[in-house]
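# Notes for the structure review
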Amino acid sequence: MGKVLSSNSGYPRIGGKREWKRALESFWNDEISKEELLKTTETLRLANLKKQQEIGIDLIPVGDFSLYDHVLDTSITFGIVPKRFSYEGGKVPLETYFDIARGNKDAVASEMTKWFNTNYHYIVPELEGVTPKLVENRPLAFYKEAKEKLGIDGKPVILGPITFIKLAKSFGEENFASLLQQFTPLYIQLLTELAEAGAEWVQIDEPIFTSNFSQEEVQHIQQVYEAIHQAVPHIKIILQTYFEKVSFYEEITALPVHALGLDFIHGDSLSLLKQHGFPEDKVLVAGVVDGRNVWRADLDKKFVLLEEIQKHVPKDRLIIQPASSLLHVPVSTELEESLDPVIKGGLSFADEKLAEIVLLRKGVQEGQESISKELEKSRNALSDLNNSTYRQNVKVKENIEKLTENDVNRPLPFADRITKQQERFNLPLLPTTTIGSLPQTPEVRQTRSKWRRGDITDQAYEQFIQEQTKKWIDIQEEIGIDVLVHGEFERTDMVEYFGEKIDGFVVTQFAWVQSYGSRCVKPPLILGDVAFSEPITVKESVYAQSLTKKPVKGMLTGPVTILNWSFVRDDIPRVDVLNQIALALREEIEALESNGIRMIQVDEPALREGLPLDDTKKESYLASAVYAFKLATSSVQNDTQIHTHMCYSEFNAIIDSISALDADVISIETSRSHGEIISAFENNTYNKEIGLGVYDIHSPRVPSKEEMKQNINRALKIIKPNQFWINPDCGLKTRKEDETIAALKVMVEAAKEVRELQLSTIK
Ligand code: GLN
Ligand code: ZN
């Protein structure tokens, strides 16, 4: 009988305690030398490999490690450096590598954008005007390193040509084929060198195979892989896909590669297998353990899945693996010292997931009896969590079941509400406001750390936050902004803050994942039934409102964003969790309203990014997002004004859903999208109020009044003045105080001038 293998497709780079982040940032701040950076990260990289070996993984990935981003690594492998950075060919210097990612004093950084539907951001390759060349075979270097230093015969991981080219910038449909022609020989060269060095396996990542391609493109893809196969026939290529099922299954399974990696968790690959079978000459790398979530796998269910798979693929052609790279999960649960053992027992981070893979492999190979003890232990841990009070909140479940259509609709339609709101607030034409957060100075951050460490009392901390709020209410008044904010000084993170205060969440110590560059996020865990327990933001909002006669917006994170930026329990449907969050927020909104806060903003910056990759799933996602938003926001009175905020530009496809949220006012980012977004409103079907960002908050530069007026006037060509609000693109927490004050002053002046002109033309 052949041997089933275990495999991993990618391991977190950051280290259990973010050693990686610290090393990088120390280097950028000139606190350590390049040699020290390279030494520290090598130690970490080798330790990561060793750990996977000790856990018992057969195919260990090498070259998945990065000093910033694996897409950027691929770019510099091929000498792709945008023209604005000085580069003379050959191996790309480390300094240039970081410059592309972070910009330098002479040149702006390359853009970064979200990696498929994750919260990881990659650096967008800029292919324009550069001739790619294999200038540094990075996978080879990593392969040799693992072999020489640890005796590990690793599986090099490479971003595939199709995905790389598709993710790159400024390539029109017409040159897909010619780019492939340029890159194919380079990939062949890279693979040939790997084969010569003795690499038996190589993993070529093509996650783009989950999206749609034209017939013509499919033919190009076939030609590329045919050419690679002809040139490097002996290396065992795993064509690795993830995050969804593949979109043209029959063609992909027919490509001339040794093995195909499919995601059985985030896409229904099993149905494809049942429908079309699996080629007899190929190995299946079955992704059966969730690579995006933090919960212990139900091994019994996994064995059922693996049985199903084995009806189509025999054991000796089966490799078992997490469903995607473990880049998207934290390193190890072992570091968590203050979690309830019932919770900790139900968790599985990267290391624990690999141990699950090893167990599953053994169970498939030798029968489940061979692992009966471990299975028993795993079952008990899961049932302890499932039967715990966290997951058995009967009241929440009843409340959800009781909901009727009336609970998700405001009593009056927008057109009638808005007149009542105008009476209440009496705002000028083109009112000005901001998005919520105000500069978080080092002082704010340091005071919060001190408070968290217990160095200052709750009382002292609260007083400090109040002082900040008061200072900024005064500043906003003085600048002349019409609708004020309290500034969010009490929050580090817009999701974690709510996670700490709503039942059903738990905030960990070390469950960090990389977001972009050295920046990591620590999503809260939604482990149980979500319920409101006590007011979350009321005190801060009421305090701020007490300082001014102008309206102060209440400021909440919306249900979809809280869901998308958390690790969500996987024992009940996501939409149920979503509605539980919405209900908790509904109570918070009611509490704000009854305490006199009559303008409430519910931010949904993650709504767009949560859109499923599979087109057929989009509609139901959007429908449930709209339902949850309305569930949270619809119980208020007609003259309470609901705002929402989103910060992205690709809007056209979802404009109907945005409108269906039925928020009275929406503010959105525009300045980076060069007005494209305005076209979404061109057909005039959007009847509610809109604030289009009139300046980019991502840059320290203070724009001129003329620029801002231009932005406003451009929008006013399409949007009626009585619908329009004036605000920056996004929250101001990352900006410095003086630049913020300067920019807001300019914004208010620009608003005044446009307002006067508008009023005089109306007369
Ligand atoms: N209210 C939040 C802020 O101003 C919104 C942040 C966001 O859109 N990501 O910071
Ligand atoms: Zn924003």
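To keep things clear, this report deals only with the structure shown in the data block. (Residues numbered from 1 in each chain as written. Chains lettered and ligands numbered in written order. Predicted model: local features only at pLDDT ≥ 70, side-chain atom pairs only at ≥ 80, totals over all residues. Heavy atoms only, no water.)

## A few points about the side chain of Ser388
Position of Ser388 among the secondary structure elements: in the loop between α14 (372-386) and α15 (394-402). The buried category is assigned to Ser388, whose relative accessible area is 11%. Within polar-contact distance, the side chain of Ser388 engages the backbone oxygen of Leu385 at 2.6 Å. (Helix = DSSP H or I, 4+ residues; strand = E, 2+ residues; numbered from the N terminus. Buried < 20%, exposed > 50% of the residue type's maximum accessible area, 1.4 Å probe, protein only. Polar contact = N/O pair within 3.5 Å; in protein donor to acceptor, adjacent residues only side chain to side chain.)

## Details of the coordination of the zinc ion (ligand 2)
Taken together, His645 (NE2), Cys647 (SG) and Cys730 (SG) make up the protein donors of the zinc ion (ligand 2), found 2.1 to 2.4 Å from the metal. For the zinc ion (ligand 2), the four donor atoms in the first shell make angles of 89 to 124° at the metal, a pattern classed as tetrahedral. In the primary sequence, the donor residues of the zinc ion (ligand 2) line up as H-x1-C-x82-C. One end of the pair, His645, is in strand β18 (residues 641-646); the other, Cys730, is in the loop between β21 (724-727) and α26 (737-762), and 85 residues separate them in sequence. Both residues of the pair, His645 and Cys730, belong to the buried class. (Donors = N, O, S within 2.8 Å, 3.2 Å for Na, K, Ca; no water. Tetrahedral: all angles 85-135°; square planar, octahedral: opposite > 155°, others 65-115°.)

## Describing the sheet that holds strand β11 (residues 503-506)
What the three strands build is an open sheet, ordered β11-β14-β16; its pairing is mixed. The open sheet terminates on both sides in strands that have one partner only, identified here as β11 and β16 (567-568). For strand β14 (residues 525-531) and β16, the ladder comprises two bridges, and the chain directions are parallel. The residue of β16 that forms the bridge with Leu525 is Phe567. (Pairing = 2+ DSSP bridges.)

## Here's the deal with the packing of helix α5 (residues 138-150) against helix α7 (residues 176-196)
The geometry of α5 relative to α7 is characterised by a closest axis approach of 9 Å and an angle of 15° between their N-to-C directions. What the angle tells us is that α5 and α7 run roughly parallel. Of the two possible hands of crossing, α5 and α7 adopt the one that is right-handed. Counted together, Pro139, Leu140 and Tyr143 of α5 and Leu190, Glu193 and Leu194 of α7 form the full contact between these two elements. (Axes fitted to C-alpha atoms, helices over the stretch in contact; angles between N-to-C directions. Parallel < 35°, antiparallel > 145°, perpendicular 65-115°, else oblique. Left-handed = near helix turned anticlockwise from the far one by under 90°. Contact = heavy atoms within 4.5 Å.)

## Concerning α14
In an α-helix, one full turn covers 3.6 residues, which means residues spaced three or four apart are oriented alike. With 15 residues, α14 should reach 21 Å at 1.5 Å per residue; the first-to-last C-alpha distance of 21 Å fits that figure. When α14 is considered as a whole, its buried residues turn out to be Leu375, Ser378, Ala381, Leu382 and Leu385. Along the long axis of α14, the arc covered by the buried residues comes to 130°, so they all point the same way. With respect to the buried face of α14, the exposed residues turned more than 90 degrees away are Lys373 and Lys377. Where α14 is buried, its residues touch α11 (299-310), α12 (341-345) and β14. (Expected span 1.5 Å × (residues − 1). Arc of directions from axis to C-beta.)

## Regarding the site of ligand 1
Near ligand 1 you find Ile435, Gly436, Ser437, Glu488, Met494, Met555, Asp603, Pro605, His645, Cys647, Cys730 and Gly731, and these make up its full shell. Note that an oxygen atom of ligand 1 is positioned 2.7 Å from one of the side-chain N or O atoms of Ser437. Between ligand 1 and Glu488, the relevant distance is 2.9 Å, taken from a nitrogen atom to a side-chain nitrogen or oxygen of the residue. If ligand 1 stood free it would expose 300 Å²; the protein chains cover 90% of that surface. (Near = heavy atom within 4 Å. Areas by Shrake-Rupley, 256 points an atom, 1.4 Å probe, with all protein chains shown as cover.)

## Side note on unusual backbone geometry
A positive phi is found at Phe116, a non-glycine position, where the angle reads about 45°. With respect to the helices, strands and loops of the structure, Phe116 is situated in the loop between β3 (112-114) and β4 (121-123). With relative accessibility at 17%, the residue Phe116 sits in the buried group. Located in the positive-phi region is Phe243, a residue other than glycine, with phi close to 80°. Relative to the assigned elements, Phe243 resides in the loop between β7 (236-240) and α9 (249-253). Residue class for Phe243 comes out buried when judged on its relative accessible area of 2%.

## With respect to the environment of Gln580
Among the structural elements, Gln580 can be located in helix α22 (residues 574-594). Distance from Gln580 to Phe532, taken between C-alpha atoms, is 9.2 Å for residues 48 residues apart in sequence. Ignoring any residue separated from it by four or fewer positions in sequence, one finds Gln580 in contact with Val396, Ile400, Gly528, Asp529, Val530, Arg569 and Ile572.

## Overview of the side chain of Ser667
Tracing the sequence through the fold places Ser667 in strand β19 (residues 665-668). By relative accessible area, which is 6% here, Ser667 ends up buried. A distance of 3.1 Å separates polar atoms of two side chains, one belonging to Ser667 and the other to His645. Beyond its immediate stretch of four places on either side in the chain, Ser667 contacts Ile435, Thr644, His645, Met646, Gly691 and Asn727.

## Some details on the pattern of salt bridges
A pair can form between side chains of opposite charge whenever their charged atoms are brought close. Under the definition given, this model contains 51 salt bridges. Linking Glu111 and Lys169 is a salt bridge whose minimum nitrogen-to-oxygen distance equals 2.8 Å. Note that Glu111 is positioned in the loop between α4 (94-102) and β3 and Lys169 in the loop between α6 (161-167) and α7, a separation of 58 residues in sequence. Exposure remark for Glu111: the relative accessible area of 47% places this residue in the partly exposed category. We note a salt bridge from Glu707 to Arg701, for which the minimum N-O separation is 2.8 Å. (Salt bridge = Lys/Arg side-chain N within 4 Å of Asp/Glu carboxyl O.)

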